[in-house]
Amino acid sequence: MRTLNMARGPSSDEPMTATDSLSAASTTARMSSRRRSRPHCVQTGCRAPSGSSPRWLWALRTHTIPTVSELIDIRYLAPSDIELLNKIDRSEVIDTLYSVQDHELVARTVDVDVPDWSREGDGEHSVRQLVEHWRPIAEGGATLLGAYSGDEFLGLALVVDQLEPGMAWLGLLHVSRPHRRRGVALALWTAAAEIGRSAGSTSMYVSATPSGSAVGFYLGRGCVLADPPNPDLLADEPEDIHFVCPIG
Ligand SMILES: CC(C)(COP(=O)(O)OP(=O)(O)OC[C@H]1O[C@@H](n2cnc3c(N)ncnc32)[C@H](O)[C@@H]1OP(=O)(O)O)[C@@H](O)C(=O)NCCC(=O)NCCS
């Protein structure tokens, strides 16, 4: 991992201006009326590697992330904005769950109603636990991205530009239930991939919720099963689907 230059980013409400070209900037984020649902890296989001260091680069150069569409703004957030997890409705009805058997993805039909995170206490599946888990990672140099439509918050991503040389890591990707299937995750992904690429990474590691929605999303990004998975991330989320995705 390279030496990190810690620089602070703009605040959450500061819109990005486009000075760099995002290779996928032509991607049109679709704000259609299609609605389906679903959420984890299952309840908690994707886990940080054990003993993960806070040395990750603040990918916060003055370079900025362009708006991916006219309707979805992707903004750099401050580490304290990890609290925006409070604004995400993570609930979802899952109809497909994946597992990995003999190095292959296996789907099974289910009917699982995943509730929203608890807003009370700091126990398992609470927002408080989630925020406290991810706060040091956000403060340690990961980049937090927010998706907005005007002032409306739609979703959140956290990216580490180098999990290991040449490989970034998407630690969090959550789109609030009312805003799914409108291209919000795609807009966040596009921005996260640009951050990874800017740091010289050609791939992105994801420990994905084993749901049909998350796996469907990552397969659509060209992700393949990590072989081998990152041992720390696998130990933290053994039920997740561990992907490596091309971003180069
Ligand atoms: C997975 C998730 C991030 C997708 O967000 P989204 O904004 O709805 O995704 P997008 O609208 O950008 O979808 C892009 C593509 O992903 C795939 N996809 C998204 N949701 C899907 C679903 N429910 N089933 C199958 N494929 C899906 C599709 O290919 C879709 O393209 P299309 O709409 O043209 O068919 C969202 O469902 C979510 O936040 N889930 C809860 C948290 C979670 O599981 N996060 C992943 C953690 S690793």
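Residues numbered from 1 in each chain as written. Predicted model: local features only at pLDDT ≥ 70, side-chain atom pairs only at ≥ 80, totals over all residues.

## Looking at the overall build of the protein chain
Next up, step 1: Secondary structure summary: the protein chain contains four helices and nine strands in total.
Next up, step 2: Ordered by position from N to C terminus, the α and β elements of the protein chain give β-β-β-α-β-β-β-α-β-α-β-α-β.
Next up, step 3: By residue count, 47% of the 248 residues in the protein chain fall in the buried class. (Helix = DSSP H or I, 4+ residues; strand = E, 2+ residues; numbered from the N terminus. Buried ≥ 20, exposed ≤ 12 C-beta atoms within 10 Å, placed from the backbone.)

## Some thoughts on the nonpolar core
Next up, step 1: In terms of nonpolar packing, the biggest core is built from 58 residues, with Leu145, Ala157, Val159, Leu188 and Ala192 touching the most fellow members.
Next up, step 2: Counting residues per element, this core draws most heavily on helix α2 (residues 184-198), which supplies ten residues.
Next up, step 3: For Ala157, the contacting residues outside a window of four places in its chain are Leu145, Leu170, Leu172, Leu173, Leu188 and Ala192. (Core = buried A, V, L, I, M, F, W, Y, C linked by C-beta atoms within 7 Å. Contact = placed C-beta atoms within 7 Å.)

## A look at α2
Next up, step 1: The end-to-end C-alpha distance of α2, which contains 15 residues, comes to 21 Å, matching closely the 21 Å that a straight helix rising 1.5 Å per residue would cover.
Next up, step 2: Among the 15 residues of α2, 13 are classified as buried, and the element is accordingly described as predominantly covered.
Next up, step 3: Phi turns positive, to about 95 degrees, at Gly200, one or two residues after α2. (Expected span 1.5 Å × (residues − 1).)

## Some remarks on the sheet that holds strand β7 (residues 203-208)
In any sheet, the strands associate via hydrogen bonds between backbone groups, in a parallel or an antiparallel arrangement.
Next up, step 1: Judged by pairing direction, the sheet is mixed, and its seven strands sit side by side in the order β1-β4-β5-β6-β7-β9-β8 without closing on themselves. This sheet does not close on itself; its edge strands, each paired only once, are β1 (73-77) and β8 (224-225).
Next up, step 2: The sheet contact formed by β7 and strand β9 (residues 241-246) spans six bridges and is antiparallel. By the bridge assignment for β9, Ser207 is matched with His242.
Next up, step 3: This element, helix α1 (residues 127-139), spans β4 (143-149), β5 (152-164) and β6 (167-175) of the sheet and lies at about 60 degrees to β5.
Next up, step 4: Contacts from helix α3 (residues 212-220) reach β7 and β9 within the one sheet, and its direction differs from that of β7 by about 170 degrees. (Pairing = 2+ DSSP bridges. Axes fitted to C-alpha atoms, helices over the stretch in contact; angles between N-to-C directions.)

## Observations regarding the confidence of the model for the protein chain
Next up, step 1: Of all residues in the protein chain, 72% attain a pLDDT of 70 or more, and the chain-wide mean is 79.
Next up, step 2: Here residues 1-64 is modelled with pLDDT under 50, and outside its nearest four sequence neighbours on either side it reaches 153 contacts, counting other chains as well. (pLDDT = per-residue confidence, 0-100.)

## A few points about the pairing of β1
Next up, step 1: For β1, the tally of buried residues reaches five of five residues, placing the bulk of the element in the interior.
Next up, step 2: Where β1 and β4 come together, five bridges link them in antiparallel fashion. Its bridge partner being in β4, Ile74 is matched across the sheet by Ala147.

## Some words on the environment of Arg90
Next up, step 1: Inspection of the secondary structure puts Arg90 in the loop between β1 and β2 (92-101).
Next up, step 2: Using a count of 23 C-beta atoms within 10 Å as the deciding quantity, one classes Arg90 as buried.
Next up, step 3: C-alpha of Arg90 to C-alpha of His174: the two residues are 84 residues apart in sequence and 7.4 Å apart in space.

## A look at the pairing of strand β3 (residues 104-114)
Next up, step 1: Along β3, only zero of the eleven residues are buried, which leaves the element largely exposed.
Next up, step 2: Alignment of β2 against β3, held across nine bridges, turns out to be antiparallel. By the bridge assignment for β3, Thr96 is matched with Thr109.
Next up, step 3: Linking β2 back to β3 in an antiparallel pair, the connection comprises two residues, with Asp102 at a positive phi of about 50 degrees.

## Some details on unusual backbone geometry
Next up, step 1: Between Asp227 and the following residue, Pro228, the backbone shows a cis peptide bond with an omega angle of 5 degrees.
Next up, step 2: Relative to the elements of secondary structure, Pro228 occurs in the loop between β8 and α4 (231-236).
Next up, step 3: Here the phi dihedral of Asp102 falls at roughly 50 degrees; this positive angle occurs in a residue that is not glycine.
Next up, step 4: Along the chain, Asp102 turns up in the loop between β2 and β3.

## Looking at α1
Next up, step 1: Over its 13 residues, α1 runs 18 Å from end to end, which matches the ideal 18 Å to within 8%, given 1.5 Å per residue.
Next up, step 2: At His133, α1 is bent by approximately 25 degrees, the largest bend along its length, and proline Pro136 sits one to four residues beyond.
Next up, step 3: All of the buried residues in α1 are Val127, Leu130, Trp134, Ile137 and Ala138.
Next up, step 4: Buried residues in α1 make contact with β4, β5 and β6.
Next up, step 5: Residue Gly141 follows α1 closely and has a positive phi angle near 125 degrees. (Bend = angle between axes of the 7 residues up to and from the residue.)

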